[in-house]
Amino acid sequence: KSVRAITVIDELQNVQRVIEAISGWDVPPPTIELTVSLIIASREPKQANPVIGDELRGVSEALAGLTQWTKYEMVSSRSIKLVEGGSAQLELSDGFSVHLVVAAVDVNAGIIKLDPLVLSRIPQSGEQTSAAVREPQQMLSLRTNLREGHQEIIMAPNREKDRALIVALKAWTDIGGAPLPGEKT
């Protein structure tokens, strides 16, 4: 890394104001915690008392009035901490993976911009593939702005009419060293 320096020669009160101004700019990038959940939705006969995990509760309730999906199954869920400008590759189950970049974080507005967010899948052994080598297949690529603490639901394109692939995202920012969800205080 390069060293950046500023020399200020002035009266003490003016030097103090410059120090305060620079201190306001010289802050580490915001940290976020992001949870990525991959869910399969299907149209199956409704159960009398369906078992819905806490991770799925918000998804199933949000989609109940909008879609014809009746069953939701968690494929995988991962949480990760990143800083603004950071990127990650999350390996999920069944050959799915998510690549994402935290492009910007506005802690005042509670907005986290992901650009890009890419969902891919490597065909599993036993699945028919057109190539001898199992190459990752990109299923979804987008940019999105997440609202802190709110769940965003993204329907991934799927060729099966009775099943849907859902990506659920939820993010929190670390403002002023406050503990993120799941951290001990």
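Refer to the structure presented above.
These numbers were taken from a predicted model, which means no experiment stands behind them.

S.K.: Account for the sheet that holds strand β5 (residues 111-121), with residues named and values stated.
M.R.: Hydrogen bonding along the main chain pairs the strands of a sheet, whether they run parallel or antiparallel. Spatially, 4 strands are ordered β3-β4-β5-β6 in an open sheet, and the strand pairing comes out antiparallel. Bordering the open sheet on either side are β3 (87-91) and β6 (137-147), each of which pairs with just one other strand. Direction aside, the axes of adjacent strands within the sheet are offset by 20 degrees on average. Strand direction decides the pairing type here: β3 and strand β4 (residues 96-106), joined by 5 bridges, are antiparallel. The partner of Ser87 across the bridge, within β4, is Val101.

S.K.: Got a sec to walk through the sheet that holds strand β1 (residues 31-42)? Specific residues and values, please.
M.R.: The 4 strands lie next to each other as β2-β1-β8-β7, forming an open sheet whose pairing is antiparallel. Only two strands of the sheet have a single partner each, and these edge strands are β2 (71-83) and β7 (151-156). Adjacent strand axes in the sheet meet at a mean angle of 20 degrees when their direction is disregarded. Pairing between β1 and strand β8 (residues 163-174): 12 bridges, direction antiparallel. Counterpart to Ile39 in the pairing with β8 is Ile166.

S.K.: So what's going on with a nonpolar patch on the surface? Residues and values would help.
M.R.: Together, Ile6, Val8, Val18, Ile22 and Trp25 make up a nonpolar patch on the protein surface, roughly 490 Å² of accessible area in all. Structurally, Trp25 is set in helix α1 (residues 12-25). Looking at Trp25, the relative accessible area reads 69%, which means it is exposed.

S.K.: Give me the lowdown on the pairing of β5, citing residues and values where you can.
M.R.: Here β4 pairs with β5 via 9 bridges, running antiparallel. Pairing of Val105 across the sheet is with Ile112, part of β5. Taken together, β4 and the strand that follows it, β5, pair antiparallel across an intervening segment of 4 residues, in which Gly110 is found at a positive phi of about 70 degrees. Relative to β6, β5 runs antiparallel, the two being bridged by 9 bridges. Along β6, the bridge assignment pairs Arg121 with Gln137.

S.K.: Residues and numbers for the side chain of Ser42, please.
M.R.: Summarising the element assignment, Ser42 is placed in strand β1. According to the relative accessible area criterion, Ser42 is buried, its value standing at 8%. Leaving out residues up to four positions away in the same chain, Ser42 has contacts with Trp69, Thr70, Lys71, Asp162 and Arg163.

Cut-off values and rules
Within any chain, residue numbers begin from 1 and follow the written order of that chain's sequence. Only residues with pLDDT of at least 70 are given local features in this predicted model, and only at 80 or more are side-chain atom pairs given and counted; all residues enter the totals for whole chains, interfaces and linings. Note: side-chain values were computed over all heavy atoms of the structure, leaving out hydrogens and water. Pairing between two strands is assigned when DSSP locates at least 2 bridges connecting them. Under the scheme used here, helices are H or I runs from DSSP no shorter than 4 residues and strands are E runs no shorter than 2 residues, and both carry numbers assigned from the N terminus. Inter-axis angles, ranging from 0 to 180 degrees, are taken between N-to-C directions of lines fitted to C-alpha atoms, where helices are fitted over the stretch in contact. Residues form patches when they are more than 30% accessible in relative terms and have no salt bridge. Like charges link within 9 Å. Nonpolar side chains (Val, Leu, Ile, Met, Phe, Trp, Tyr) link within 5 Å. To be clear on the numbers: accessible area is Shrake-Rupley with a 1.4 Å probe, and residue cover counts the displayed protein chains and nothing else. The rule for a salt bridge is simple: a side-chain nitrogen of Lys or Arg has to be within 4 Å of a carboxyl oxygen of Asp or Glu. Relative accessible area decides the class of each residue, using a 1.4 Å probe on protein chains only: under 20% of the type maximum gives buried, over 50% gives exposed, and in between gives partly exposed. Note on definitions: a residue-residue contact is assigned when non-hydrogen atoms from the two residues lie within 4.5 Å.

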